[in-house]
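So you can see what is in the structure, the chains are spelled out below.
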Amino acid sequence: MKTPELLAPAGSLAMLNTAFAFGATAVYAGQPRYSLRVRNNDFGNLEVLREGIDTAHAQGKNFYLVSNIFPHGAKTRTYVKDMEPVIALKPDALIMSDPGLIMLVRENWPDMPIHLSVQANTVNGHAAKFWRSVGVSRVILSRELSLDEIEAVRQDCPEMEIEVFIHGALCIAYSGRCLLSGYFNHRDPNQGTCTNSCRWDYKVAQATEDATGDIYLLEEGNRPGEWMPIEEDMHGTYILNSKDLRAIEHVQRLTEMGIDSFKIEGRTKSPYYVARTAQAYRRAIDDAVAGRPFNPELMGHLEGLANRGYTDGFYVRHPDKDHQNYLRGFSLSGRSLYVGNVVEVDQEKQLVKIEAKNRFAVGDKLEIIQPSGNTDLVLEEIFSTKGEPMRVVPGAGYTVWAKLPLSSNGAFLARYTTQDNASKLEQIPIMEA
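Residues numbered from 1 in each chain as written. Predicted model: local features only at pLDDT ≥ 70, side-chain atom pairs only at ≥ 80, totals over all residues. Heavy atoms only, no water.

Q: Could you give me a rundown of the overall build of the chain, with the residues and numbers involved?
A: On a plain count of helices and strands, the chain comes out with 11 helices and 23 strands. The 433 residues of the chain split such that 52% are buried. Contacts in the chain between residues at least 24 apart in sequence constitute 67% of all its contacts with a sequence separation of at least 6. In the form shown here, the chain has an accessible surface area of approximately 20,200 Å², with 49% of it arising from carbon and sulfur atoms. (Helix = DSSP H or I, 4+ residues; strand = E, 2+ residues; numbered from the N terminus. Buried < 20%, exposed > 50% of the residue type's maximum accessible area, 1.4 Å probe, protein only. Contact = heavy atoms within 4.5 Å. Areas by Shrake-Rupley, 256 points an atom, 1.4 Å probe, with all protein chains shown as cover.)

Here is the structure:
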């Protein structure tokens, strides 16, 4: 059984280095002008892009450049000139969705591999064959497919590389083709400036005036008094939030059917998010390839990330009993909360400097998360930067020293929340990871 690629997001060099350290075999990043992530994106700078590509290649890993915007005419006229210095840096593939831009790349750089973006919404094997015929080497399948449908595409087009999303945010739209943010803020998701309007706070009320049947209205939190009707057709309604994708329990079957790459969403997230997801999915992939059964504790390891509730999306329409037991038995056991980054190590004094992200205290059971493996321990001592003993670090914004057995920085700290003080969790603000 071949080992699938583990593809992680990179919005910065810090995310890229973390992804590789924790088990990713490839990363993807995009330039703000031509990808669907404008904010939190350092790779608009050519020198940063060069360093990222060189770092990946020095480790024998791949760097894919996202160029998946739906361009209006002005951007098509600047694309080739803007991409010339980028192509010279030798990214391993371009991730694209627009047929016009794909044609321009084929005409100007015929040897450049092209991966078809999920934005193109490929949902069947015949579509995959078409894209193969025009020079695309990999298709990233739509997130609306079931496991059986993915396997059918794999069988119908065996010569095409297949990539699937395995973790991250989902859209209330067909794989990202949404208009909601553009409607509210004139910031077009299809041009890379999505404000995630589907995730805002909404109130629902039943319409009473001149209403026939059940009609409901939505009010967005920052627009009091502006009531919007919820319109629904045979396919559903497209204005409410989605849970986040977590499909780690399906890695084994996807590996067995020969999927080439597993993709984690989240270029605007933090290095901690990349560390946690890459580490968990690395273990799941390695277990699948080695023939070991799925370890459901990995589901719990992902619970501590900021999320809006988890779903396995469309992979399985009706979860079986074993899957439901995974959710109840392991998603909360071993749950931990991101509390800080180790930014400095004083080996002589056996102290580490911690940049706090959430509340933690003496007596807490901590998980030290690092590439060499995770360690559990009880925190015994905390000191302020002035050397004064502390019992509690209230939350983000604090920098402290603590007694921890580490020899280098770059580790992340999480606090287990299943202890006796777990009931206090609701009082602690959870930082976005």
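Q: An account of the sheet that holds strand S17 (residues 365–369) is requested, with residue identities and associated values reported.
A: Here we have 8 strands laid out as an open sheet, ordered S18-S17-S23-S14-S15-S22-S19-S20, and antiparallel in their pairing. In the strand order of this sheet, the two ends are held by strand S18 (375–378) and strand S20 (389–390), each with one partner. Seen against the sheet, helix H9 (residues 271–290) touches strand S14 (336–346), S17 and strand S23 (412–416) and runs at an angle of roughly 75° to S23. (Pairing = 2+ DSSP bridges. Axes fitted to C-alpha atoms, helices over the stretch in contact; angles between N-to-C directions.)

Q: Can you break down helix H1 (residues 13–21) residue by residue, with the values?
A: An α-helix turns once every 3.6 residues. As a result, residues three or four positions apart point the same way. Along H1, the residues classified as buried are Leu 13, Met 15, Leu 16, Thr 18, Ala 19 and Phe 20. Looking one or two places after H1, you find Gly 23, whose phi comes out positive at around 115°.

Q: A description of the packing of aromatic side chains should follow, citing residues and the corresponding values.
A: Going through the model one piece at a time under the given rule, you end up with 7 aromatic pairs. Seen from their ring centres, Phe 22 and Phe 412 are 6.1 Å apart, and the 50° between their planes marks the pair as tilted. Taken as a pair, Phe 22 in the loop between H1 and strand S2 (26–30) and Phe 412 in strand S23 lie far apart in primary sequence, 390 residues in all. Under the relative-accessibility criterion, Phe 22 is labelled buried at 6%. Taking the relative accessible area as the measure of exposure, Phe 412 reaches 6% and is therefore buried. (Phe/Tyr/Trp six-rings, centres within 6.5 Å; stacked < 30°, edge-to-face > 60°.)

Q: So what's going on with the packing of H1 against H9? Which residues, and what values?
A: Running from amino to carboxyl end, H1 crosses H9 at an angle of 20°, the nearest separation of the two axes being 9 Å. Relative to H9, H1 is oriented roughly parallel. Crossing of H1 over H9 shows right-handed handedness. For the pair H1 and H9, the contacting residues are Ala 14, Met 15, Thr 18 and Ala 19 in the first and Pro 271, Val 274, Ala 275 and Ala 278 in the second. By residue class, the composition of the contact of H1 with H9 is 7 nonpolar, 1 polar and no charged. (Parallel < 35°, antiparallel > 145°, perpendicular 65-115°, else oblique. Left-handed = near helix turned anticlockwise from the far one by under 90°. Nonpolar A, V, L, I, M, F, W, Y, C, P; charged D, E, K, R; others polar.)

Q: So, the pattern of salt bridges: which residues are in play, and what are the values?
A: Applying the stated criterion across every chain yields a total of 17 salt bridges. When the shortest N-O distance is used, the salt bridge between Asp 364 and Arg 415 registers 3.9 Å. Here the residue Asp 364 occupies a position in the loop between strand S16 (360–361) and S17, and Arg 415 occupies one in strand S23, the gap between them amounting to 51 residues. The exposure classification of Asp 364 matches that of Arg 415, with both residues buried. One network of salt bridges, with partners in common, ties together Glu 5, Arg 138, Glu 161, Glu 163 and Lys 263. (Salt bridge = Lys/Arg side-chain N within 4 Å of Asp/Glu carboxyl O.)

Q: Can you explain the sheet that holds strand S8 (residues 202–206)? Please cite residues and give values.
A: Paired through their backbone hydrogen bonds, the strands of a sheet run either parallel or antiparallel. Here 3 strands make up an open sheet; going across it, the order is S8-S9-S10 and the pairing antiparallel. Edge strands, defined here as strands with exactly one partner in the open sheet, are S8 and strand S10 (227–229). Between one strand and the next, the sheet's axes are offset by a mean angle of 35°, whatever the strand orientation. The pairing of strand S9 (residues 216–220) with S10 spans 3 bridges and is classified as antiparallel. The residue bridging Glu 219 from the neighbouring strand is Trp 227, located in S10.

Q: So what's going on with the pairing of S18? Residues and values would help.
A: Here 4 bridges tie S17 to S18, and the two strands are oriented antiparallel to one another. Directly across from Glu 367, in S18, lies its bridge partner Asp 376. What sits between S17 and S18 in their antiparallel hairpin is a turn of 5 residues, with Gly 373 showing a positive phi close to 130°.

Q: Would you mind going over unusual backbone geometry in detail, with residue names and values included?
A: The phi dihedral of Asn 121 falls on the positive side, at around 60°, and the residue is not glycine. Position of Asn 121 relative to the elements: it lies in the loop between strand S5 (114–116) and helix H5 (125–133). Look at Asn 121 and you get buried, because its relative accessible area is 18%. Even without a glycine there, the phi angle at Gln 350 is positive, about 55°.

Q: So what's going on with the pairing of strand S1 (residues 5–9)? Which residues, and what values?
A: Each regular strand carries side chains that alternate between the two faces of the sheet. Of all 5 residues in S1, 5 are buried, a share of seventy percent or more. By the alternation rule, side chains of S1 split into Glu 5, Leu 7 and Pro 9 and Leu 6 and Ala 8, which are all buried. As paired strands, S1 and strand S12 (residues 261–264) are joined by 3 bridges and run parallel to one another. Among the inter-strand pairings, Glu 5 is bridged to a residue of S12, identified as Ser 261. Pairing of S1 with S2, which is carried by 3 bridges, proceeds in the parallel orientation. Bridging from a neighbouring strand, Ala 8 pairs with Val 27 of S2. Crossover handedness for the path S1 to H1 to S2: right-handed. (Right-handed = clockwise from strand over helix to strand, strands pointing away.)

Q: Please give an account of the environment of Asn 358 that cites residues and values.
A: Mapped onto the elements of the fold, Asn 358 is located in the loop between strand S15 (351–356) and S16. Put simply, Asn 358 and Leu 337 are 21 residues apart on the chain and 8.0 Å apart in space, counted from C-alpha to C-alpha. At 3.0 Å, the side chain of Asn 358 forms a polar contact with the backbone oxygen of Tyr 338. (Polar contact = N/O pair within 3.5 Å; in protein donor to acceptor, adjacent residues only side chain to side chain.)

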